[in-house]
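# Overview (structure and organization)
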Amino acid sequence: MDTALAPVPAEAMAAPLSLDPAQYLTFMLNGEAFAIGILSIKEIIEYHGLTTVPMMPGCVRGVINLRGAVVPVIDLQARFGRGTSPVTKRTCIVIVETQHDDGRQVVGVIVDVVNEVLEIAPADVEPAPAFGARINTEYIAGIGKVRGKFVILLQAEAVLRIDDDSFAEATPRHGRPFLN
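Residues numbered from 1 in each chain as written. Predicted model: local features only at pLDDT ≥ 70, side-chain atom pairs only at ≥ 80, totals over all residues. Heavy atoms only, no water.

Assigned secondary structure in the chain consists of four helices and eleven strands. Counting every position in the chain, which comprises 180 residues, the buried fraction comes to 38%. (Helix = DSSP H or I, 4+ residues; strand = E, 2+ residues; numbered from the N terminus. Buried < 20%, exposed > 50% of the residue type's maximum accessible area, 1.4 Å probe, protein only.)

All right, on to the nonpolar core then. In terms of nonpolar packing, the biggest core is built from 27 residues, with Phe27, Phe34, Leu76, Phe80, Val96, Leu154 and Leu160 touching the most fellow members. Secondary-structure elements contributing two or more residues to this core are strand E1 (22-29), strand E2 (32-37), helix H2 (76-79), strand E6 (92-100), strand E7 (103-111), strand E10 (140-146), strand E11 (149-154) and helix H3 (156-159). When neighbours within four sequence positions are excluded, Phe80 is seen to be in contact with Leu29, Phe34, Arg134, Ile135, Tyr139, Leu154 and Val159. Among the nonpolar cores identified, the runner-up in size contains nine residues, and Tyr47, Ile64, Leu66 and Ile110 belong to it. (Core = buried A, V, L, I, M, F, W, Y, C linked by side-chain atoms within 4.5 Å. Contact = heavy atoms within 4.5 Å.)

A word on the side chain of Asp75. With respect to the helices, strands and loops of the structure, Asp75 is situated in strand E5 (residues 69-75). According to the relative accessible area criterion, Asp75 is buried, its value standing at 0%. Setting aside anything within four residues of it in sequence, one finds Asp75 in contact with Cys59, Arg61, Thr84, Ser85 and Ile110.

Our focus in this paragraph is the packing of aromatic side chains. The tally for this structure, following the rule as stated, stands at three aromatic pairs. Seen in terms of ring centroids, Phe27 and Phe34 are 6.2 Å apart; in terms of plane orientation they differ by 20°. Their pairing is stacked. Classification of Phe27 by relative accessible area gives buried; the value is 1%. An aromatic cluster is present here, built from Phe27, Phe34, Phe80 and Tyr139 joined pairwise through their rings. (Phe/Tyr/Trp six-rings, centres within 6.5 Å; stacked < 30°, edge-to-face > 60°.)

Moving on to the sheet that holds E1. Taking strand neighbours across the sheet as the criterion, the six strands line up as E8-E1-E2-E11-E10-E9 in an open arrangement whose pairing is mixed. For this open sheet the edge positions go to strand E8 (113-120) and strand E9 (125-126), each flanked by a neighbour on one side alone. Strand direction decides the pairing type here: E9 and E10, joined by two bridges, are antiparallel. Bridging from a neighbouring strand, Val125 pairs with Gly144 of E10. (Pairing = 2+ DSSP bridges.)

Moving on: unusual backbone geometry. Residue Asn30 is not a glycine yet carries a positive backbone phi of 50°. Structurally, the position occupied by Asn30 is in the loop between E1 and E2. Judged by its relative accessible area of 53%, Asn30 is exposed. One non-glycine residue, Arg67, lies in positive phi territory at about 50°. In this fold, Arg67 is placed in the loop between strand E4 (60-66) and E5. Residue Arg67 is classed as exposed on the basis of its relative accessible area of 66%.

Moving on, we come to the pattern of salt bridges. When charged atoms on two side chains of opposite charge get close, those side chains can pair. Inspection of the entire model under this criterion finds seven salt bridges. For Arg82, the salt bridge goes to Glu32, with nearest N and O atoms at 2.8 Å. With Arg82 in the loop between H2 and E6 and Glu32 in strand E2, this pair connects stretches of sequence that are 50 residues apart. Here Arg82 falls in the partly exposed class, since its relative accessible area comes to 24%. Looking at Glu32, the relative accessible area reads 17%, which means it is buried. (Salt bridge = Lys/Arg side-chain N within 4 Å of Asp/Glu carboxyl O.)

If you want it as structure tokens, here you go:
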């Protein structure tokens, strides 16, 4: 009896789409609600102690020492080409881990305020708009509908990829001084 297995078509090996709600950490940037999938979030820390590094793109505010590891900190406002984020008492750094072809990357993200963790069902997520978005649509995983409002679901791997050429093109390091 021949026990050789026939090759399985790639479509049959694809993971089935989940109909379960996914959890997202929501936060505010300049009055707009954004979210990143909770599985990418490592922790949330208070904003303080950034060390600036010369010759970094303008959207990289500096680095922090996270239990002995050097972690770059990105200002999402600047990454989106909107200028720098003001630092207030509620400003925090969300530590995000992303996976890329060349390995994992840990990055801090400056946000105005962290809101909450929400479950959003796939049925409540609309695709990224093809036009009219005020940020690069490659950075948007979708638009979540929550309690009658929209939350921009970020594609963390795309928006936080540091070796992306758009980092060099992001806001130059000039303008308003940082508030430390």
